[in-house]
Amino acid sequence: MKRIITFALLLCFMASGCTKSDSKLTKTVLAMDTVMSLTVYGGSEALLDEAAELIKSLDGELSATVDTSETNRINASGGSPVEVSAHALYLTQQAVELGKLTGGALDVTLTPVIKAWGFLGGDYRVPTDNELKTLLERVDYSKIETDETSVILSDGMELSFGAVAKGYTGDLLMELFKSRGLESAIVTLGGNVQALGLKPDGSKWNVAVQNPFGEGNLGMLQVEDKAVVTSGGYERYFEQDGETYWHIIDPSDGKPAKTGLVSVTIVCDSGVTADGLSTALFVMGLDGAIEFWKTNGGFDAVLVTEDGEVYVTEGIADDFELASGYEQVLINK
Ligand code: AMP
Ligand code: MG
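Within each chain, residues carry numbers counting from 1 in the order of the written sequence. Throughout, the order in which chains and ligands are written sets their labels, letters from A for the former and numbers from 1 for the latter. Only residues with pLDDT of at least 70 are given local features in this predicted model, and only at 80 or more are side-chain atom pairs given and counted; all residues enter the totals for whole chains, interfaces and linings. As a rule here, side-chain values cover all heavy atoms of the structure and leave hydrogens and water aside.

> What is the right way to look at the packing of helix α7 (residues 165–179) against helix α8 (residues 271–296) in this model?
The description of two packed helices rests on the angle between their axes and on the distance between the axes. A fitted line through C-alpha atoms represents every axis, and for helices the fit uses only the stretch in contact; the resulting angles, taken between N-to-C directions, go from 0 to 180 degrees. Helix and strand assignments follow DSSP, with helices taken as H or I runs no shorter than four residues and strands as E runs no shorter than two, numbered in order from the N terminus. Where α7 meets α8, the axes come as close as 7 Å, and the angle between the chain directions of the two elements is 165 degrees. If you check the angle between α7 and α8, you find them roughly antiparallel. Regarding α7 and α8, the two cross each other, and that crossing is right-handed. Between α7, through Ala165, Lys166, Gly167, Tyr168 and Asp171, and α8, the contact on the second element is made entirely by Gly271, Val272 and Asp275. Three residue categories are used. Nonpolar comprises Ala, Val, Leu, Ile, Met, Phe, Trp, Tyr, Cys and Pro, charged comprises Asp, Glu, Lys and Arg, and polar comprises the others, including Gly. Of the residues that constitute the contact of α7 with α8, the class distribution is 3 nonpolar, 2 polar and 3 charged. An angle below 35 degrees is read as roughly parallel, one above 145 as roughly antiparallel, one from 65 to 115 as roughly perpendicular, and any other as oblique. In a left-handed crossing the near helix is turned counterclockwise from the far helix by less than a right angle, and in a right-handed crossing that turn is clockwise. By definition, residues are in contact when any of their heavy atoms lie within 4.5 Å.

> So what exactly am I meant to see when it comes to the layout of surface pockets here?
Unfilled space is identified by rolling a water-sized probe across the atoms. Considered as a void within the structure, the largest pocket measures approximately 1000 Å³ in volume. Around the largest pocket, the lining comprises 38 residues; the ones closest to its centre are Gly162, Ala163, Lys166, Arg236 and His247. Classifying every residue of the lining of the largest pocket gives 17 nonpolar, 14 polar and 7 charged. Buried and open spaces are told apart on a 1 Å grid over the protein atoms alone, a cavity being a set of points where a 1.4 Å probe fits but cannot get out and a pocket being an open set with protein on both sides within 12 Å along at least five of seven lines. Residues with an atom within 4 Å of a point are the lining residues. Grid points are joined across faces, edges and corners, and a volume is the space filled by probe spheres set on the points.

> Help me understand the sheet that holds strand β2 (residues 34–41), please; the structure alone is not making it clear to me.
One key point about sheets: their strands pair by backbone hydrogen bonds, in either a parallel or an antiparallel sense. DSSP-based pairing: two strands are paired if at least 2 bridges between them are found. Strand order across the open sheet formed by 9 strands is β1-β2-β6-β7-β10-β15-β16-β17-β19, with mixed pairing between neighbours. At either margin of the open sheet sits one strand with a lone partner, and together these are β1 (24–31) and β19 (327–331). Within this sheet the neighbouring strands show an average axis-to-axis angle of 10 degrees, counted without direction. Lying on the sheet, helix α2 (residues 45–62) is in contact with β1 and β2; it crosses β1 at an angle near 20 degrees. Against the sheet, α7 touches β2, β6 (184–189) and β7 (192–196), its axis set at about 20 degrees to β7.

> How should the packing of aromatic side chains be read in this particular structure?
The relative placement of two aromatic rings is captured by the distance of their centres and the angle of their planes. Geometry of aromatic contacts follows a simple scheme: Phe, Tyr and Trp rings, the Trp one being its six-membered ring, pair when their centres are within 6.5 Å, and the pair is stacked under 30 degrees between planes, edge-to-face over 60, tilted otherwise. If you walk through the whole model with that rule in mind, you get 11 aromatic pairs. Both rings, one in phenylalanine 238 and one in tyrosine 245, keep their centres 5.2 Å apart while their planes meet at 25 degrees; by these two values the pair is stacked. Burial classification: accessible surface area is computed with a 1.4 Å probe over protein chains only, and a residue below 20% of its type maximum counts as buried, one above 50% as exposed, and the rest as partly exposed. Its relative accessible area of 15% is what places tyrosine 245 among the buried residues. For the ring pair phenylalanine 292 and phenylalanine 299, a centre distance of 6.0 Å and an interplane angle of 40 degrees mean the geometry is tilted. Exposure class is identical for phenylalanine 292 and phenylalanine 299. Each is buried. Whether a charge sits over a ring depends on NZ of Lys or CZ of Arg being within 6 Å of the ring centre and within 35 degrees of the ring normal. The residue whose ring lies beneath lysine 258 is tryptophan 246, and the NZ or CZ to ring-centre distance is 5.0 Å. Here lysine 333 stacks its cationic end above the ring of tryptophan 293, 4.7 Å away from the centre of that ring.

> Just checking my understanding: could you explain the sheet that holds strand β5 (residues 150–152) for this structure?
Taken in spatial order, the 3 strands of this open sheet run β3-β5-β4, and their pairing is antiparallel. The two strands at the open ends of the sheet, each matched to only one other strand, are β3 (82–83) and β4 (145–146). Across 2 bridges, the pairing between β3 and β5 is antiparallel. Across the sheet, the residue bridging to glutamate 83 is serine 150, located in β5.

> Before we go on, may I ask you to explain the pattern of salt bridges in this structure?
Pairing between side chains of opposite charge can happen when the charged atoms of each approach one another. The working definition used for a salt bridge is a side-chain nitrogen of Lys or Arg within 4 Å of a carboxyl oxygen of Asp or Glu. One pass over the structure, following the stated rule, counts 11 salt bridges. The salt bridge involving aspartate 269 is made with lysine 226; its shortest N-O contact spans 2.8 Å. Of this pair, aspartate 269 sits in the loop between β15 (261–268) and α8 while lysine 226 sits in the loop between β9 (217–223) and β10 (227–232), placing them 43 residues apart in sequence. Aspartate 269 sits in the exposed class, given a relative accessible area of 57%. Take lysine 226: its relative accessible area is 26%, and that puts it in the partly exposed class. Here the salt bridges share partners, and the residues they tie into one network are Lys115, Arg138 and Glu158.

> Explain the packing of α2 against α7 to me, please; I cannot follow it from the model alone.
Contact geometry for α2 and α7: axes closest at 10 Å, N-to-C directions at 150 degrees. When the axis of α2 is compared with that of α7, the two are roughly antiparallel. Considering the relative orientation of α2 and α7, their crossing is right-handed. Along its contact with α2, which presents Leu47, Glu50, Ala51, Leu54, Ile55, Leu58 and Leu62, the element α7 presents Ala165, Tyr168, Thr169, Leu172, Leu173, Leu176 and Phe177. For the contact of α2 with α7, the class distribution of residues is 12 nonpolar, 1 polar and 1 charged.

Below, the structure is given as C-alpha cells:
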C-alpha cells in the first residue's frame, strides 16, 4: 500500500512538474520570407509541430511567390470568380475592410507596382513615373468582390498579402494555442510579435521595439494578450544614386512612402488589424496617423519620425520605456 501511495505521489509530482508555469518549449520556423520563433508554456512538441505546419500551409496558401497559392489562383482568374480556402477568403475580406478604414492607404492590389520595384521576388529597380501611372490603373482594393466562397478580381489586377499575412498568422496561432488550453505563449514572426495572456509568473511580456536607425532597441513595451506589429523602412530597401527606396508604397503615387516616419508600431488585440494598420499609418505620415488614431481608436501606436522623435499614444505610455537619446512625445485624445 505504501508503495502505491508513493507511486501516486510521484505521478502527481511529475504531472505538476509539467504545468504551464515551468514547461517552456520553443521552436524556430523559416516561413513567409522571415525567421519565426514560437514559445509556449504548458504545451507540447506536438503542438509546436502543429503550429509550424499551420504556418507553412498558410504560407503556401497566401504567398504571391508560390505559383500554386490561392493568391496566384485569384490573380490568374482573368476576372472569373475563384473558389478559395476559408483563410484566403477571410483575409481578402479583412484586407478590403482595412482598405476602406484607412482610405486606401492599405491596398492589397498594389501588387503590380510592388513587383515593378522588385519588392516581390524580383530585381530592385526604379520604375519611371509613366510606368507607375500605367500600373496604378490596375490598383484599387475597392474593386475586389467576395461572396461566401469566392473572390472576384478584375482582369489585370493582382493581390498580395505581404502587409497583412503575418498578422493573420499570429491570430491563428493564438487561436490554436487557446483551443489547447494554453494561457501563456509568445510568437515572433519577423517584425510581428503576438502574445497570449501573461507570462507564467503573472507579469506582462516584454516586447522590444527595434531601433529604426541602427543596432539595438528603441524601447521596450510591456503587454498582455496583444499583437505588437512594426512596419519600418529599414526592414527592406535598396539604394540607388544616393536615394533609399523602401518597400512600403504610397498607393497614391506608387512610390515608397516618404512621409517623415521611419517606423510605426501598432499594439492591439488583433494581429491582422495591427499588421494592416502598421503599413497604412506609415503611408499616412505622422499627422495622418495621429488623426486616424484620434478618430478610430481601438489600438495604440509608437510613431518614430526621421528626426528621432518618438510619438506614443496614451494607452501604452506607462508601459513603454524609451531608450536614452530619444525624445518622447505623448499623444492624447
Ligand atoms: P509591412 O511590412 O507589414 O508593412 O508590409 C509591407 C509589405 O506589404 C511590402 O513588402 C509590400 O509587399 C506590401 N505593401 C507595401 N505597401 C503597401 C500598401 N500601401 N498596401 C498594401 N500592401 C503594401
Ligand atoms: Mg503590415
